[in-house]
Each structure stands twice: as structure tokens, then as C-alpha cells.
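Listed here are the chains, written in short residue letters.
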Amino acid sequence: VQLQASGGGLVQAGGSLRLSCAASGRAFRPYIMGWFRQAPGKERDFVAAISWSGGSPYYAMSVKGRFTIPRDNAKNTVYLQMNSLKSEDTAVYYCAAGNRPFSVYSRTEGYDYWGQGTQVTVSS
């Protein structure tokens, strides 16, 4: 399984960006897909996650109400729609896929595959 993240860039505070994570690989059917982010000198933090088969998404408190995580199963793609961006959202964003049920969706250990990361820079 390979994950390809794209869509990062430079945006002004208050603006929007949409990240994409396209998955490839035979019989791709993860249990959960997630987005994490890592700012310089900091740990990789959970942003959002969604079950591949349906159900309510999960969001970090810092992005709830501003970010959404839609998915397109037919395209094997998950997105991160980011609105009302703030300077503190600046980070490298990583998408991830997990195959194991009951794993903790908000922790990196709950995922089995990772994309290469895409830089998001929000200028104030």
C-alpha cells in the first residue's frame, strides 16, 4: 500500500486548503484513515480520522469546526478540508492508513502505512 499526499502550500490566515491522500495497492481496504501534522521541533500530532466503512469522523479539539475529513472510497482517496486557517496550523501534514480494528485512532501507533507528508504554511 502506498499513500500519496498532496495539496499543501502557502496560504494567508483565514484562508482554506484541501489536502488529498490517494492510496494505491492491491485490495486496498483499510479500517481507518487519518491525518497527522508535525511542526518543527514538535511531535507528530493527531488531526482527524475517519473509518473507511462509514461512521462519524474524529477531530482534534484544535481543528474541530474548521477542518473536515471527507473520503471517496471509489477513488481510494481521503481529503482534509482546512478552513479558517491559523498560523498555528503551519506544519507538515501526513496521511495514514490503519488495518487494525480497535487501534487508537489518535495515536501514530494505530496506523500501518504513512504518506510522505505535504507542507502547509499559514502566514499571519
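Just above, that's the structure.
**What about the environment of R66?**
- Relative to the assigned elements, R66 resides in the loop between β6 (58-59) and β7 (67-68).
- Here R66 falls in the buried class, since its relative accessible area comes to 11%.
- Separated by 18 residues in the primary sequence, R66 and S84 have C-alpha atoms spaced 6.1 Å apart.
- Not counting residues up to four positions away in its chain, the partners in contact with R66 are Q81, M82, N83, S84, L85, K86 and D89.

**Some remarks on the packing of aromatic side chains**
- Counted under the stated rule, the structure contains six aromatic pairs.
- For the ring pair F36 and F46, a centre distance of 5.7 Å and an interplane angle of 75 degrees mean the geometry is edge-to-face. One end of the pair, F36, is in strand β4 (residues 32-38); the other, F46, is in strand β5 (residues 44-51), with 10 residues separating them in the sequence. Both residues of the pair, F36 and F46, count as buried.
- Taking relative accessible area as the criterion, F36 reaches 0% and is therefore assigned buried.
- Ring pairing ties together the aromatic residues F36, F46, Y58, Y105, Y111 and W114, which thus form one cluster.
- Across from the ring centre of Y94, 3.6 Å away, lies the NZ or CZ of R44, which sits over that ring.

Criteria and cut-off values
- Residues numbered from 1 in each chain as written.
- Predicted model: local features only at pLDDT ≥ 70, side-chain atom pairs only at ≥ 80, totals over all residues.
- Heavy atoms only, no water.
- Helix = DSSP H or I, 4+ residues; strand = E, 2+ residues; numbered from the N terminus.
- Buried < 20%, exposed > 50% of the residue type's maximum accessible area, 1.4 Å probe, protein only.
- Contact = heavy atoms within 4.5 Å.
- Phe/Tyr/Trp six-rings, centres within 6.5 Å; stacked < 30°, edge-to-face > 60°.
- Lys NZ or Arg CZ within 6 Å of the ring centre and 35° of its normal.

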